[in-house]
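# Results of the structural survey
Single-letter residue listing:
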Amino acid sequence: MRMDLCKVLCSTGALLEYGGDYRMLGPLSRQLDCDGFEFMMDAPYYDEIEALKQYLRESDLYIPVIHCEKSIGENISKGGKAEWTDAYKKFEINCDLAKSIGAGKMAIHLWDGRTSDSNFQNNLAGYEQLGGIACQYGIDLLVENVVCSVEDPMKHLCELRERYPDIKFVFDTKMAAFHGQLDLLYETRYRWLWQEGHIRHYHVNDYAGGYMDWENLRSLPIGKGNIDFARFFEFIGKTGYDGMFTVEATACHGGGVVDVEMLNRQFRYIRACVKV
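Anyway, here's the lowdown on the structure attached to this text. No experiment lies behind these values; they were computed from the predicted model shown.

## Here we look at the environment of Val260
- Position of Val260 among the secondary structure elements: in helix H10 (residues 260-274).
- In this structure, the C-alpha to C-alpha distance between Val260 and Leu32, residues 228 residues apart in sequence, is 6.5 Å.
- Contact partners of Val260, with chain neighbours within four places excluded, come to Leu28, Gln31 and Leu32.

## A closer look at the pairing of strand E2 (residues 36-40)
- By the criterion of burial, E2 is predominantly enclosed, with 5 of the 5 residues buried.
- Alternating residues of E2 divide into Gly36, Glu38 and Met40 and Phe37 and Phe39, and every residue in both groups is buried.
- Sheet topology note: the strand E1 (residues 8-11)/E2 ladder contains 3 bridges and is parallel. In the sheet register, Ser11 faces E2, and the bridge partner there is Glu38.
- Bridge analysis of E2 against strand E3 (residues 65-67) gives 3 bridges, and the strand direction is parallel. Opposite Glu38, over in E3, you have Val65 as the bridge partner.
- With helix H2 (residues 49-58) bridging E2 and the parallel E3, this β-α-β connection has right-handed handedness.

## Details of the pattern of salt bridges
- In the structure shown here, the tally under the stated rule is 14 salt bridges.
- We note a salt bridge from Lys53 to Glu50, for which the minimum N-O separation is 3.1 Å. Placement of the pair is Lys53 and Glu50 together in helix H2, with a separation of 3 residues, close to one helical turn.
- Using a relative accessible area of 8% as the deciding quantity, one classes Lys53 as buried.
- Within the structure, one salt-bridge network assembled from shared partners comprises Asp21, Arg23 and Glu48.

## Details of the side chain of His156
- Looking at the element boundaries, His156 is found in helix H6 (residues 153-163).
- Given the relative accessible area of 1%, His156 is considered buried.
- A distance of 2.8 Å separates polar atoms of two side chains, one belonging to His156 and the other to Asp117.
- Among residues more than four places away in sequence, those in contact with His156 are Trp111, Asp117, Phe120, Cys148 and Glu151.

## Comments concerning the sheet that holds strand E7 (residues 199-204)
- Strand order in the closed barrel formed by 8 strands is E1-E2-E3-E4-E5-E6-E7-E8, with parallel pairing between adjacent strands. Across this sheet, the average inter-strand angle for adjacent strands is 30°, counted without regard to direction.
- Pairing between E3 and strand E4 (residues 105-108): 3 bridges, direction parallel. Of the residues in E4, the one forming a bridge with His67 is Ala107.
- The strands touched by helix H4 (residues 81-101) within the sheet are E2, E3, E4 and strand E5 (140-144), with E4 carrying the most contacts at an inclination of about 150°.

Conventions adopted
- Residues numbered from 1 in each chain as written.
- Predicted model: local features only at pLDDT ≥ 70, side-chain atom pairs only at ≥ 80, totals over all residues.
- Heavy atoms only, no water.
- Helix = DSSP H or I, 4+ residues; strand = E, 2+ residues; numbered from the N terminus.
- Contact = heavy atoms within 4.5 Å.
- Buried < 20%, exposed > 50% of the residue type's maximum accessible area, 1.4 Å probe, protein only.
- Pairing = 2+ DSSP bridges.
- Right-handed = clockwise from strand over helix to strand, strands pointing away.
- Salt bridge = Lys/Arg side-chain N within 4 Å of Asp/Glu carboxyl O.
- Polar contact = N/O pair within 3.5 Å; in protein donor to acceptor, adjacent residues only side chain to side chain.
- Axes fitted to C-alpha atoms, helices over the stretch in contact; angles between N-to-C directions.

Structure follows, in structure tokens:
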């Protein structure tokens, strides 16, 4: 596995079923031509967090990014003392995991689940404490443009930036395309996203559905949907972005079978586009 460029990552969520055996990551890494991994924290891992930390520390896996466990965003969305207390407790565990394995970035679904963005003022307010906790652990917290059931992610990114001028984001191509908002990235009125350095990471996935087409909200490999990635990568190159990309296309098809070759094609395609 190449460790010098640190450009194209693979999400462990693409490799493992929900709460799957993370000990498969070592053997799988030897078959993958990615530069490292974005570790997806799942709720079942809380019960074995020390064993998880030990395994990841002792492995030779390069994990510069962690994806925060998703129920935290749902807790924040629901609101109330009990929900927020649980969210901050779990979030601190996520931050401790990140620090213990040397991951400097954490992607978070600030809103999530059935509640989604229906109580967005909770999410807007909750970010302050989440950001403070992440700062204490030396973690760069990145809010993802997660799909919404009420409004839309770009509106919420704008609201977050207005309240927290230094906030950072991870931009997901599938999430944006779901809301018909991928082209907004190219528009002059949103150039602050990259000109001011707010976007610090990209999730690269294709999308085959239409506007807010919930039945087709899946992470597809590049080329299996309708996103114009040639335009996307050409634009990203012009912005001067030199950070990392994470491939999240689902490669686990049950029974521990992982489509390694499909993922390797994704890595090669991205490298060709960004000339890594």
